[in-house]
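For reference, the chains in residue letters:
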Amino acid sequence: MKRIIMTIIFVILVGFISYSMLYNGFSGVKSITIQEYDESFEGAEPVTDHEIISTVTGILNRSNKISNTHYKLAVEPTYKIKLEYKEDKEVLYIHEGFDTNETLISSDRNEDYYKIKQKQTNTIVQLLLK
């Protein structure tokens with residue numbers, strides 16, 4: 001009986017740790033708008049297609065989160081993406097070419113950064129610029 005309880009506790013603990021490591025908090029997004037960095041969001045058409053939003057948030061949730069680090073970047077971001085939640089908004093800044101074959105994403109809401117592969121960046125841009 002003790003062995004079963006310990007196994008259940010272990011599985012729950014491993015599941016919780018895996019979930020917290022693989023989830024970056026991008027959920028509940030109602031619409032996504034992309035623009036080049038130097039343009040305004042005012043004329044842009046938001047994407048509300050559930051499949052596209054799921055794909056983009058899936059990529060963002062699987063990105064490598066970088067905490068407790070602050071970058072001073074010499075170049076401006078390439079794109080900015082506005083995520084509209086039910087009661088809140090967030091703007092992500094896409095810094096393409098941050099490292100070899102990697103893109104850095106920064107947020108206006110928190111101090112964390114996220115890194116994704118250039119292939120994933122291309123997927124996000126292609127889906128949102130349709």
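Residues numbered from 1 in each chain as written. Predicted model: local features only at pLDDT ≥ 70, side-chain atom pairs only at ≥ 80, totals over all residues. Heavy atoms only, no water.

Caption draft 1: Molecular detail of the overall build of the protein. Scanning the protein from terminus to terminus reveals 3 helices and 6 strands. Going from the N terminus to the C terminus, the protein shows its helices and strands as α-β-α-β-β-β-β-β-α. Viewed in the frame of its principal axes, the protein has a C-alpha envelope of about 65 × 35 × 25 Å. Taking the intrachain contacts of the protein between residues at least 6 apart in sequence as the baseline, contacts between residues at least 24 apart amount to 54%. (Helix = DSSP H or I, 4+ residues; strand = E, 2+ residues; numbered from the N terminus. Contact = heavy atoms within 4.5 Å.)

Caption draft 2: Region of the structure containing the pairing of strand β3 (residues 79-85). Buried residues dominate β3, accounting for 6 of its 7 residues. Where β3 meets strand β4 (residues 89-99), 6 bridges bridge the pair, whose relative direction is antiparallel. Looking at β4, one finds that Lys82 is bridged to Val91. The antiparallel pairing of β3 with β4 creates a hairpin that spans 3 residues between the two strands. (Buried < 20%, exposed > 50% of the residue type's maximum accessible area, 1.4 Å probe, protein only. Pairing = 2+ DSSP bridges.)

Caption draft 3: Spatial organisation of the pattern of salt bridges. Applying the stated criterion to the full structure yields 6 salt bridges. With its nearest N and O atoms 3.4 Å apart, the salt bridge here joins Lys65 to Asp112. Residue Lys65 is found in strand β2 (residues 64-66), and its partner Asp112 is found in the loop between β5 (102-107) and β6 (113-117); the two are separated by 47 residues along the sequence. Overall, Lys65 belongs to the partly exposed group, its relative accessible area being 42%. You can call Asp112 buried: its relative accessible area is 16%. Its salt-bridge partner being Glu84, residue Lys82 comes within 3.7 Å of it at the nearest N-O pair. For Lys82, a relative accessible area of 17% gives the class buried. Taken together, the shared-partner salt bridges connect Asp88, Glu90 and Arg109 into one network. (Salt bridge = Lys/Arg side-chain N within 4 Å of Asp/Glu carboxyl O.)

Caption draft 4: Broad picture of the sheet that holds β6. Pairing in this open sheet of 6 strands is antiparallel, and the strands run β1-β3-β4-β5-β6-β2 from one edge to the other. This sheet does not close on itself; its edge strands, each paired only once, are β1 (29-36) and β2. Neighbour-to-neighbour, the strand axes of this sheet turn through a mean angle of 25°, independent of strand direction. Looking at chain direction, β5 and β6 are connected through 5 bridges and run antiparallel. Paired with Ile105 across the strands is Tyr114, a residue of β6. Across the sheet, helix α2 (residues 50-61) lies against β1, β3, β4, β5 and β6, angled at about 80° from β1, the strand it touches most. Sitting on the sheet, helix α3 (residues 118-128) is in contact with β1, β3, β4, β5 and β6, with an inclination near 95° to β6. (Axes fitted to C-alpha atoms, helices over the stretch in contact; angles between N-to-C directions.)

Caption draft 5: Representation of the side chain of Gln35. Tracing the chain through its elements places Gln35 in strand β1. Classification of Gln35 by relative accessible area gives buried; the value is 15%. Engagement of the side chain of Gln35 in a polar contact is seen with the backbone oxygen of Ser40, the distance being 2.7 Å. Each residue touching Gln35, except ones within four places of it in the same chain, is listed here: Ser40, Phe41, Ala44, Tyr79 and Lys80. (Polar contact = N/O pair within 3.5 Å; in protein donor to acceptor, adjacent residues only side chain to side chain.)

Worth remembering: the numbers are spatial, not functional.
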